[in-house]
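Residues per chain are reported as follows:
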Amino acid sequence: MKTANDTARLANTVLTVDKKARDAKAARAKDAAGKVKCPKCGKDATGAAFCPKCGAKIEKTCPGCGKTDATGAAFCPKCGTKMD
Ligand SMILES: [Zn+2]
Ligand SMILES: [Zn+2]
């Protein structure tokens, strides 16, 4: 038979697991943010002007003003639009 204490402990365990799952999700989202991938081979080329693997030119085009940017910035340095 379950006691009130057991129920409380179980609820606490569930909350802890839930928090861990959220933390892991946040860490993954942070990891993916600001990465620039080579459009040709998919290699991570964050901050590079050319892909370190295949040499393709790495640049993003601002959807707001059309400025190209190869620094991996999350936002356009010219108009502030979020870069893809
Ligand atoms: Zn490449
Ligand atoms: Zn822009």
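The model shown is predicted, which means the values in this text are computed figures rather than measured ones.

1. Notes on the overall build of the chain
In terms of regular secondary structure, the chain is built from one helix and two strands. Traced from its N-terminal end to its C-terminal end, the chain shows the element sequence α-β-β. Counting only residues that meet the buried cut, the chain has 7% of its 84 residues in that class. For the chain, contacts bridging at least 24 residues in sequence account for 11% of all contacts bridging at least 6.

2. Details of the environment of Cys79
Summarising the element assignment, Cys79 is placed in the segment after strand 2 (68-69). Take Cys79: there are 12 C-beta atoms within 10 Å of it, and that puts it in the exposed class. Filtering out sequence-adjacent residues up to four positions away, Cys79 remains in contact with Cys62, Gly64 and Cys65.

Reading the values: rules and limits
Residues numbered from 1 in each chain as written. Chains lettered and ligands numbered in written order. Predicted model: local features only at pLDDT ≥ 70, side-chain atom pairs only at ≥ 80, totals over all residues. Helix = DSSP H or I, 4+ residues; strand = E, 2+ residues; numbered from the N terminus. Buried ≥ 20, exposed ≤ 12 C-beta atoms within 10 Å, placed from the backbone. Contact = placed C-beta atoms within 7 Å.

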